Each structure stands twice: as structure tokens, then as C-alpha cells.
Amino acid sequence: MSTARDNDAQRRGKAPAGERVADWADSRLGIYSLAKANMRKIFPDHWSFMLGEVALYSFIIIILTGVYLTLFFHPSMSEVVYHGPYEPMQGVRMSEAFASTLDISFEVRGGLLIRQIHHWAALIFLAAMFVHMMRVFFTGAFRKPREINWLFGFLLFFLGMLTGFTGYSLPDDLLSGTGLRFIEGVFLSVPVIGTYITMFVYGGEFPGTDLIARLYPVHVLLLPGIMLGLLVAHLILVFYHKHTQYPGAGKTNKNVVGMPLLPVYMAKAGGFFFLVFAVIAVLSAIATINPIWTIGPYRPDQVSTGAQPDWYMGFAEGLVRVMPGWEINIWGHTLVLGVFIPIVLFPVVLLAMGVYPFIESWITGDKREHHILDRPRNAPTRTAFGVAWLTAYFVMLVGGGNDLWATHFHLSINSITWFVRIGFFLGPVLAFIATRRICLGLQRRDRDKVLHGRETGIIKRLPHGEFVEVHEPLSQEQLHTLTQHEQPKPYEVGPEVDENGVARKIKGSQKLRAKLSKSYYGEQAQIPKPTREEYQEITSGHGHH
Amino acid sequence: MKKLSARRRHPLAALVVLLFALAVTGGLYAAFSPSEAKADDSSAQSLAIEEGKKLYAVGCASCHGTGGQGSSDGPSLVGVGSAAVDFQVGTGRMPAQQPGAQMPKKKKVYTDAEIEQLSAYIASLGAGPSTPTKSQYDIEGADVAKGGELFRTNCAQCHNFAGKGGALTNGKYAPALDDVSPKHLYEAMQTGPQNMPSFPDTTLPEKNKQDIIAYLDTVNSDKSKTPGGLELGGLGPVSEGLFAWVFGMGALIVLTIWVAARTAKAKKS
């Protein structure tokens, strides 16, 4: 037996090194079947599918640079006197955290660049998650079976905000200290338990001596750890569900049309990582972010104007800035509504986006799987809701930067505040109406295009003198893309009486659902697609234009 | 004494006494009266006041009243001192172009000599802080770090941590402090123009004012270093966020489109 095998080996020669390594690994890890199943995994191609990748890569960049920063950062609030190379800070008292951030900026090799990459990447990370989330929202990619993955993504965005906040609080500079003071106010505004929470979190009166040391593990370990787990789950689900695709010829709910992971997407994604890294590195090399050396160390008796958080928290800042300073005094206690209402509104507005998939599936009653994306115009109510939400978000960002709008556009900060107060309620309504109208207009245009073809811009003069524009019929593929979407009927409560003429019991929620469903699928929301008969009638008639 | 007394009727005695008296009065005058140069100065001063009054009557009186007593359109200028005039007129804020929330800085209307005359006139209306001399706002040997701390404690809440300015209520604002001359910085602190509180020497001694000026000279002037690259206005996270969205996210979206457009094509056989 053994001689036979030896002969066999001699005859074929030794297997190549790569094969032997693969064999060695496979016999221990069993990766062959895993790789076989996934290496040829197909992904569809579209630029908007790469927005999540931008977020992923900036997250990796944040982790890499963050590790470098931990080597030099001292999360301590003990007081030191600065004697480093930055002259305007000579002899200034500051916390060790701030001093070590100055050291990272001015003495550690490459420290300032890495700090800036870390911070710029954080802004890009949140922005990319935001844009990615909006892509998923407007194309309806959150529908079954992807609702859980939407929640994972939403949680990642929310945790990203928290991680960002704890991160820019660490240097203990004047701006971040003001932010922590703001958060103290937020905690204090919570009825009954506010004072206890504050004392618990800060370890005593603000600012105390513990806070930075407490935020540090939260920022470098706890939150990124949870995020990493969620991220892996997010990606596993993307693999498991397979990627969605835009409607088009040959694309169905049962297939994925695209390129295989290996080699095409490995090459593309790998290259794209370096492109993202390059953009962030260039940004960090040319533009300052968070110049703590001019902002100065935190002291509770100092504050600077223009004290805003990073952009992803600007929305919360706006809510607090424009809220009237209402207070209720009862039994010797103060309820600070001016702060408490905004901090309740903050998660409410965010959650409106987070739970949207469940609301929509309840309204539409659609429990089927969807792998073909919606064109936003074909879901006017959803699209309008999304734009309305974005409007509220943007209006609040304006509120968060009201002082800079005032100085840069020579406006009164009071007028801006009032504009934001009204705009927060009115803006989304107007945006909703306008967006729905635009969507319906686009649906009508699609219908016209299907029936009459594309306007070529060529003007023809007929023998009797009439001028007509030549319309070019669409290709089969284009016709498919414009007409493949479904136009479901709205949910109806049914007759009010049963077959015996007895009034049926109809729940209020059912009525609400019927009403909402009509706004999604009613006549006001869908321009009827051209039917086969209409199409044939128009295209068969010659000379029609 | 006898000798002197014997000669008191000498024909030249009167002359001697006269000469003596003249010498004494002259000497006393020379010793006690202001020096001759000062006498010239004071006449120049009164001339400046005179000229300043004329300028005032033409350019300022319509709002501040004919005697600087103020009116419904402008505050009283009695006791504001020459430093206030030098600041307001020297930075072009006065004369005001139109009523508004706040008088903006603009090109100055009067020459330096005219500003001095106006200052002299206003100073003559009542005692107030006078235009600082060069040595007062000289930043040689000032403590930049101390200035930074003072700036963050007293100035940053309106002017921003780097002196880039900020908003106040109802369209008023704390202006950016870029390219403000040391003299005007000093005068602003001394007199508290428009919405600014004043920081007289009793609260912020001359030395501390110099420290602050030196700090601004280090962090907010042509020669300030920006180790991190572009400052983005020095306004903090708002401009950073805008930059990240427009240039960072903008570039990345362009790249996604570029990468997606370059894909492996299936071979057609």
C-alpha cells in the first residue's frame, strides 16, 4: 500500500507549495467548503452599493490609527504644568490628558497626522454611514428579509455617534469640556434621578477627576467592541441575504446578477480601501481638525463661542439651542423642560428612522421577500417621508450652528432661531408634499416615456407643414426597467357589516392602517403603469407621436 | 547791610532793583511755569481742540449732539476719552453709515491728524481713557501663555478661542480679531466699544493687556503657525463637518462612481 502511494507521488512529483499549504489548512480548519461557497459569491455592481464600504474602510482606518494614539495618550485628569515645545501653552496648567494630546500633536513622530486621520476618518465614517443608510432607505432595501440588518446598521450609526462623542471628549480641551458640561446638564434635567445619574457618571461634582479615565475604556474598548461585533453580524447578514439589485433586464427576486467576489470584488474592494485611505489621508494632511492647541485646556470657568459638537451631534445641539428655556418649579424642584424635551426628542426623531421598516411592513401588509430595489419615485410616500425626515434633520443642523449662520450671512441669531423653530414643524410637511408631487411627476414621465418613447430632440417637418419631434421607442430593457414595479392595491378594512347585516367590530388600528395604506398605494400615490393594451394600441398606430 | 543801606539813594539803585526784580520773576517764572515747549504744546492742543470741534460739528454732531451730550441717535461722548475716539474713528466704525444692530468696521474716513484733532476735542469734554502710547501696547517681553489664559477667560466666550468672532443677540456680533492693530486691541479693551464690556486698568492691568495682544499676535495673525494645515476658518466643528461632507464625502462618492464604472466585462464569445 505504502509503496503504491510512494510510486504515485514519485510519478506526479510533489504538489505545489500553495496547494500543500491549502491542504494543511483545510484538513485542520475545514475552510475548503466555506471558501468554495463564498469565493464565487456574486455581487451586483452599482456605485451606491459601495457607500457602506466607505463606512467599513473608514472604521478600519479609525481602529488602526486609534491603536497608535493609545500608545501615547494618558487618560488622566491629574494636573500638570506644560513645558513642551508649543510656546503659547508654556507654563499653563492642564490635565495630563490634554498635555499628552499636545505631545501627540507636537512631539510624537507622525502624531499630529495620525490624530487628524483618526478624527477626519470619524467624521467620514459617520457621514458614510448616514449616506449608506439613506441609500438603503430610499431604495427600500430594508424590506424583508433585511429588517434586522437595517436595525444593526441603525445601531451602528447610533453607537458611532456615541463613540465619536466619547472620543472628542478625551483630549480634555476647552471645547470637549464644554460638551461634557452640556451632557451634565442633560443628565441633570432628567426628572427625579437626574442628580444621582450625574454624580454616578462624573464621580462627584462636575468636572471631578475621574471622567476622562472613565470615558477612555468606553471609547477604546466597550463601544468599538460592540460595534465590531455588530459590523461582523451586519456583513454576515449581507452575505447570507445576498445583495439587493436595481431593477433591470434579467434581474429577478430570485437571482443576483453581477460579478464574483473572487477575483473581481476582492480586487475592487481591496483597491477601494486604499482609495478611501488616500482621501482621508489627504484630507488630514491639508486640513486641521480640532486644533486643541489653540482651543486650550478645559477649565470650568472658561468657554468659547462657537462651541459646537462634531457634525453628527449637531442635530442634538440644534434641538437644545432652539428650545425655549421652559422650566417648571414644583415642591422646590425644578423640571428643566428646556433641556429635557430636546433630549427626549433626540432619540424619538432618530428612532422614527430606525423603526421605519416595521411601520411600513405593518401598513402595507407586505410579508414577501424583496431583493429587487425600488426606484424611489415608485414609492412616493416612503420617499417623501425620507425627505421630510432629512429636512427636519437639516433644519436642526442649522439650529446647531445658528451663531455661524448669523455671523456668516449677516443675520440675526434670534431670527434664525425662530426660523428653525417653525421650520422644524413646517419644513418636513412642505418637503413631504413637494417630494410626493415630484415622485408622481416622475411616474407620469415614465409612463409617457414607455408609451411615446424617448424625446430625441430631432424636429421633423411634415409635408403639410406641421413640425413634430421624433420620439424614439425604448429598448426592451428600458421598457422592463420602467414597468417592472408592482402597483399593489391598498389594504381595506372590508365591509362594515358582515353577511348577516351585523356591524363588524373594526379596530381603530385597522382603520388607521387602511388610511395609511391608501396613502402608500391609493390612487393618489401611484400613476397607473401603462398596460399591455395601451402600449400595443399606441405603438401599432403608425404616424402617432 | 550798612553799605547797601548807604547806597540806596544811588542814582543807579532803581535800575539795579529793577534788574534784580526782573531776574527773580523771570527765574521764578522759568522754574515754576510750564516750559516754553509745553507752552507751545498747549497752544497746539487748544488749536487741535478747536479744529476737532469743527470736524465734530460737521461729521458727528448730528447724532452725538452739538456739544457731545448725545441724542436719541447716539450716546453722549462726555468722558469717553480720546482712546474711544481713536478706536471708533480709526477703525472706520465712526462716522456710522447707517443705523443698525452694530457699526461694522470699514475704511476709515478721517486722516490720522484729523482723528487726533477729534480725539483732542472729545477728551476736552470730560476726563476719560486717553489714546495709549506705543510703549503701552508694545508686546515685547509679554507672556503669550498668560495672554492665552486671559483671552480664554475674558474674551473667548464672544470672540471665539482663536479670536475668529462670534454672534451676539439680534444681529449684533463680536468681530473677528484678525488684522486688528495692537493699538486698537488695546483701546478696545480699555474703552469697551459698542457691545463689548470695558476692561480698565483696574480689572485688566496694562501688562495683561499686552499679554493678550501678544497671544493674538501668536495665534491669530499673518505669522501664526498652523501646524495641522488649513485652518478652515478656525471656527471649530461646524466648518470641519462641512469640509468633511463636501470634500471628503464628495471625493469618496466620485470615487465610488469611478470604481463602479470600471468593471470587469464578461467576454462575449
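Criteria and cut-off values
Residues numbered from 1 in each chain as written. Chains lettered and ligands numbered in written order. Predicted model: local features only at pLDDT ≥ 70, side-chain atom pairs only at ≥ 80, totals over all residues. Heavy atoms only, no water. Patch = residues over 30% accessible without salt bridge, like charges linked within 9 Å, V, L, I, M, F, W, Y side chains within 5 Å. Areas by Shrake-Rupley, 256 points an atom, 1.4 Å probe, with all protein chains shown as cover. Salt bridge = Lys/Arg side-chain N within 4 Å of Asp/Glu carboxyl O. Helix = DSSP H or I, 4+ residues; strand = E, 2+ residues; numbered from the N terminus. Buried < 20%, exposed > 50% of the residue type's maximum accessible area, 1.4 Å probe, protein only. Contact = heavy atoms within 4.5 Å. Polar contact = N/O pair within 3.5 Å; in protein donor to acceptor, adjacent residues only side chain to side chain. Axes fitted to C-alpha atoms, helices over the stretch in contact; angles between N-to-C directions. Parallel < 35°, antiparallel > 145°, perpendicular 65-115°, else oblique. Nonpolar A, V, L, I, M, F, W, Y, C, P; charged D, E, K, R; others polar. Buried area = accessible area lost by both parts, 1.4 Å probe. Pairing = 2+ DSSP bridges. Domains from an automatic or database assignment. Phe/Tyr/Trp six-rings, centres within 6.5 Å; stacked < 30°, edge-to-face > 60°. Expected span 1.5 Å × (residues − 1). Arc of directions from axis to C-beta.

*Asks:* Looking at this structure, how should I read a nonpolar patch on the surface?
*Replies:* All names here are of chain B. Where nonpolar side chains cluster on the molecular surface, the patch consists of Leu12, Leu15, Val16, Leu18, Leu19 and Leu22 and spans about 590 Å² of accessible area. Among the secondary structure elements, valine 16 is positioned in helix α2 (residues 13–32). Here valine 16 falls in the exposed class, since its relative accessible area comes to 52%.

*Asks:* For this particular structure, what's the right way to read the environment of serine 224 of chain B?
*Replies:* All names here are of chain B. Tracing the backbone shows serine 224 in the loop between α10 (206–219) and α11 (237–261). Serine 224 sits in the buried class, given a relative accessible area of 16%. A sequence separation of 58 residues divides serine 224 from glycine 166, and the C-alpha atoms of the two residues are 20 Å apart. Filtering out sequence-adjacent residues up to four positions away, serine 224 remains in contact with Thr218 and Val219. A polar side-chain atom of serine 224 sits 3.4 Å from the main-chain carbonyl oxygen of valine 219. At 2.4 Å, the side chain of serine 224 forms a polar contact with the backbone oxygen of serine 221.

*Asks:* How should the packing of helix α18 (residues 413–452) of chain A against helix α21 (residues 532–540) of chain A be read in this particular structure?
*Replies:* Packed helix pairs are characterised by how far apart their axes lie and by the angle those axes make with each other. Residue and element names in this part refer to chain A. For the pair α18 and α21, the least separation of the axes is 8 Å and the interaxial angle reads 50°. For the element pair α18 / α21, the angle class is oblique. Contacts from Arg447, Val450, Leu451 and His452 of α18 reach α21 at Glu534, Tyr535 and Ile538. Across the contact of α18 with α21, the residue classes tally to four nonpolar, one polar and two charged.

*Asks:* How should I be thinking about the pattern of salt bridges in this particular structure?
*Replies:* Side-chain pairing between opposite charges can occur once the charged atoms of the two side chains come close. Tallied over the full model, the rule gives 25 salt bridges over all chains. The partner of lysine 183 of chain B in a salt bridge is aspartate 86 of chain B, and the shortest N-O contact between them spans 3.1 Å. Highlighted residues: lysine 183 of chain B in helix α9 (residues 182–191) and aspartate 86 of chain B in helix α5 (residues 81–90), separated in sequence by 97 residues. Owing to a relative accessible area of 8%, aspartate 86 of chain B belongs among the buried residues under this scheme. Each of Arg143, Glu360, Asp374 and Arg382 of chain A takes part in a single network of salt bridges with overlapping partners.

*Asks:* Would you mind going over the environment of threonine 435 of chain A with me for this structure?
*Replies:* All names here are of chain A. Along the chain, threonine 435 turns up in helix α18. On the basis of relative accessible area, threonine 435 is assigned to the buried category, the value being 11%. C-alpha of threonine 435 to C-alpha of threonine 381: the two residues are 54 residues apart in sequence and 8.5 Å apart in space.

*Asks:* Is there a simple way to think about the interface of chain A and chain B in this case?
*Replies:* By a widespread convention, an interface's size corresponds to the accessible area lost as its parts come together. Chain A puts 67 residues into the contact, and the matching count from chain B is 52 residues. Overall, the association of chain A and chain B removes approximately 4700 Å² of surface from exposure, summing both partners, and the carbon and sulfur fraction of that is 71%. Linking chain A with chain B are one salt bridge, by the criterion used here. Taking the shortest distance from any N to any O, the salt bridge between glutamate 149 of chain B and arginine 299 of chain A comes out at 2.6 Å. In this structure, the connection of chain A to chain B is made through 14 residue pairs in polar contact (both at pLDDT 80 or more). Elements that contribute at least two residues to the side of chain A that touches chain B include exactly α4 (51–70), α6 (111–138), α8 (174–189), α11 (261–286), α12 (292–295), α17 (402–408) and α18 of chain A. Looking at side-chain class alone, the side of chain A that touches chain B contains 41 nonpolar, 18 polar and eight charged residues.

*Asks:* Which parts of the structure should I look at to understand the pairing of strand β8 (residues 467–472) of chain A?
*Replies:* One face of the sheet, then the other: side chains in a regular strand alternate in exactly this way. Residue and element names in this part refer to chain A. Pairing between strand β7 (residues 454–461) and β8: five bridges, direction antiparallel. Paired with arginine 461 across the bridge in β8 is phenylalanine 467. The antiparallel pairing of β7 with β8 creates a hairpin that spans five residues between the two strands, and glycine 465 there sits at a positive phi of about 100°.

*Asks:* Help me understand the domain arrangement of chain B in this model?
*Replies:* Residues and elements named next belong to chain B. With domains assigned, chain B is organised as domain 1 (29–130) and domain 2 (132–224). If you look at the interface, domain 1 gives 16 residues, while domain 2 gives 18 residues. Summed over both sides, the interface of domain 1 with domain 2 buries roughly 1300 Å², with 51% coming from carbon and sulfur. By the criterion of area lost to domain 2, the three top residues of domain 1 are Asp86, Phe87 and Gln102, representing 43% of everything that side buries. Along the contact surface separating domain 1 from domain 2 lie one salt bridge. Counting across the domain 1 and domain 2 interface gives five residue pairs in polar contact (both at pLDDT 80 or more).

*Asks:* Is there a simple way to explain the packing of aromatic side chains in this structure?
*Replies:* For any two aromatic rings, the description comes down to two numbers: the centre-to-centre distance and the angle of the planes. All names here are of chain A. Inspection of every chain in the model, using the stated rule, returns 41 aromatic pairs over all chains. The interplanar angle of 90° and the centroid separation of 5.3 Å between the aromatic rings of phenylalanine 137 and phenylalanine 138 together place this pair among those described as edge-to-face. For the pair formed by phenylalanine 137 and phenylalanine 138, the shared burial category is buried. Taking 6.4 Å as the distance between ring centres and 70° as the angle between the ring planes, the aromatic pair formed by tyrosine 520 and tyrosine 521 counts as edge-to-face. Each member of the pair, tyrosine 520 as well as tyrosine 521, is classed as buried.

*Asks:* Looking at this model, I keep getting lost on helix α20 (residues 508–521) of chain A. Mind explaining?
*Replies:* Given 3.6 residues per helical turn, the α-helix brings residues three or four places apart onto the same face. Residue and element names in this part refer to chain A. Its 14 residues place the ends of α20 20 Å apart at the C-alpha level, agreeing with the 20 Å of an ideal helix rising 1.5 Å per residue. Restricting attention to buried positions, one finds in α20 the residues Arg513, Ala514, Ser517, Tyr520 and Tyr521. Axial view of α20: buried residues confined to an arc of 120°, hence all on one face. Facing away from the buried surface of α20 by more than 90 degrees, the exposed residues are Gly508, Lys511, Lys515 and Lys518. On its buried face, α20 is in contact with α15 (356–364) and α16 (380–400).

*Asks:* Could you clarify how one ought to interpret helix α13 (residues 311–322) of chain A in this entry?
*Replies:* Residues and elements named next belong to chain A. The end-to-end C-alpha distance of α13 is 17 Å, a good match for the 16 Å that 12 residues give at a rise of 1.5 Å each. Within α13, 11 of the 12 residues are buried, leaving the element largely enclosed by the surrounding structure. Of the positions making up α13, those classed as buried are Trp311, Tyr312, Met313, Gly314, Phe315, Ala316, Glu317, Gly318, Leu319, Val320 and Val322.

*Asks:* Quick question: what am I supposed to make of unusual backbone geometry here?
*Replies:* The bulk of non-glycine residues show a negative phi, and the bulk of peptide bonds are trans. Put simply, phenylalanine 206 of chain A and proline 207 of chain A share a cis peptide bond, and its omega is -5°. A cis amide bond links methionine 94 of chain B to the next residue, proline 95 of chain B, at an omega of -5°. Counting through the fold element by element, proline 95 of chain B comes out in the loop between α5 and α6 (112–125). Here the phi dihedral of valine 192 of chain A falls at roughly 65°; this positive angle occurs in a residue that is not glycine. In this structure, valine 192 of chain A sits in the loop between α8 and α9 (194–202). Classification of valine 192 of chain A as exposed rests on a relative accessible area of 77%.

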